Amino acid sequence: MSTQRVFTSVFPRLRVASSKNATTSLAQQTQQLRCYSRPTATLRPSGPARSLVLSSAAASAPRRVCVPATSSTQPRTLSTSASLSHGHVDTPKPGEELWVTFIDKEGVEHKIAVCKGDNLLDIAQAHDLEMEGACGGSCACSTCHVIVEDPDYYDRMPEPDDDENDMLDLAFGLTETSRLGCQVIMTPELDGLRVKLPSMTRNLQSSDFN
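Residues numbered from 1 in each chain as written. Predicted model: local features only at pLDDT ≥ 70, side-chain atom pairs only at ≥ 80, totals over all residues. Heavy atoms only, no water.

**Q** So what's going on with the pattern of salt bridges? Residues and values would help.
**A** For the coordinates displayed, the defined rule picks out four salt bridges. A salt bridge links Glu130 to Lys105, with the shortest nitrogen-to-oxygen separation between them at 3.2 Å. Taken together, the positions of Glu130 in the loop between α3 (120-126) and β7 (145-148) and Lys105 in the loop between β5 (98-103) and β6 (109-114) put the pair 25 residues apart, joining distant regions of the chain. Classification of Glu130 by relative accessible area gives exposed; the value is 57%. The partner of Glu164 in a salt bridge is Arg179, and the shortest N-O contact between them spans 2.8 Å. Taken together, the residues Glu164 in helix α5 (residues 162-168) and Arg179 in strand β8 (residues 178-180) connect sequence positions 15 residues apart. A residue is classified by how much of its surface remains accessible, and Glu164, at 2% relative accessible area, is buried. (Salt bridge = Lys/Arg side-chain N within 4 Å of Asp/Glu carboxyl O. Helix = DSSP H or I, 4+ residues; strand = E, 2+ residues; numbered from the N terminus. Buried < 20%, exposed > 50% of the residue type's maximum accessible area, 1.4 Å probe, protein only.)

**Q** Outline the packing of aromatic side chains, supporting the account with residue identities and numerical values.
**A** Counted by the stated rule, this structure contains zero aromatic pairs. A cation over a ring is seen here: Arg156 above Tyr153, with NZ or CZ 4.2 Å from the ring centre. (Phe/Tyr/Trp six-rings, centres within 6.5 Å; stacked < 30°, edge-to-face > 60°. Lys NZ or Arg CZ within 6 Å of the ring centre and 35° of its normal.)

**Q** Quick rundown of a negative patch on the surface? Include the residues and the values.
**A** On the surface, Asp161, Asp162, Asp163, Asp166 and Asp169 cluster together into a negatively charged patch. With respect to the secondary-structure elements, Asp166 resides in helix α5. (Patch = residues over 30% accessible without salt bridge, like charges linked within 9 Å, V, L, I, M, F, W, Y side chains within 5 Å. Areas by Shrake-Rupley, 256 points an atom, 1.4 Å probe, with all protein chains shown as cover. Lys, Arg positive; Asp, Glu negative; His and termini not counted. Charge placed at Lys NZ, Arg CZ, Asp CG, Glu CD.)

**Q** Talk me through the state of the cysteines; I want residue IDs and the actual numbers.
**A** All chains considered together, the criterion is met by zero disulfides. Note on Cys182: no disulfide assigned, nearest cysteine sulfur contributed by Cys144 at a separation of 3.8 Å. (Disulfide = S-S within 2.5 Å.)

**Q** Give me the pairing of β6: which residues, what numbers.
**A** In terms of strand pairing, β5 meets β6 through six bridges, oriented antiparallel. Directly across from Phe102, in β6, lies its bridge partner His110. Counting the residues that bridge the hairpin from β5 to β6 gives five residues, and of these Gly107 lies at a positive phi of roughly 90 degrees. (Pairing = 2+ DSSP bridges.)

Written as structure tokens, this is what we have:
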């Protein structure tokens, strides 16, 4: 039995075409193949002819062999999840409002009712005030710099940590009551807070010095 006949009998899905069209036929079949596991096959010589036999180790050593894909193959689908934009804040419940006033670069005051736990950067961006927050509120830049108007309110805030102090050193128009908006969290003690936005900001980030 010739090698071609043995190969055809073991793998009936892979037909060997005539010598004239063999190259074209195999190329067309290859484009429609998908793979599955099948025992390893080896060619061993037998006299003048070579016959196809299955290796005794094939059962424990599966091999990937290609066969034509079936019509039951289902296409894969992609899905996405909704993303939250920076600056999202909730409307406070009646009777639970805390008030903060922003004084913009033109001197216009914006008095806003906020919730406990909101930070000044999120509040400003949610109300379309000009506060950049280039680092996304990760305390890695100085573009959310604010100036607390009343020193008494400044003293009610937790002390700035080393990271915030490092970024404040890069802020334009630094004052004794300067803070980063992303680090100022509204609490009942800060109800009535007034902050001023500086006339300009300096967009330097901690990564600029690495």
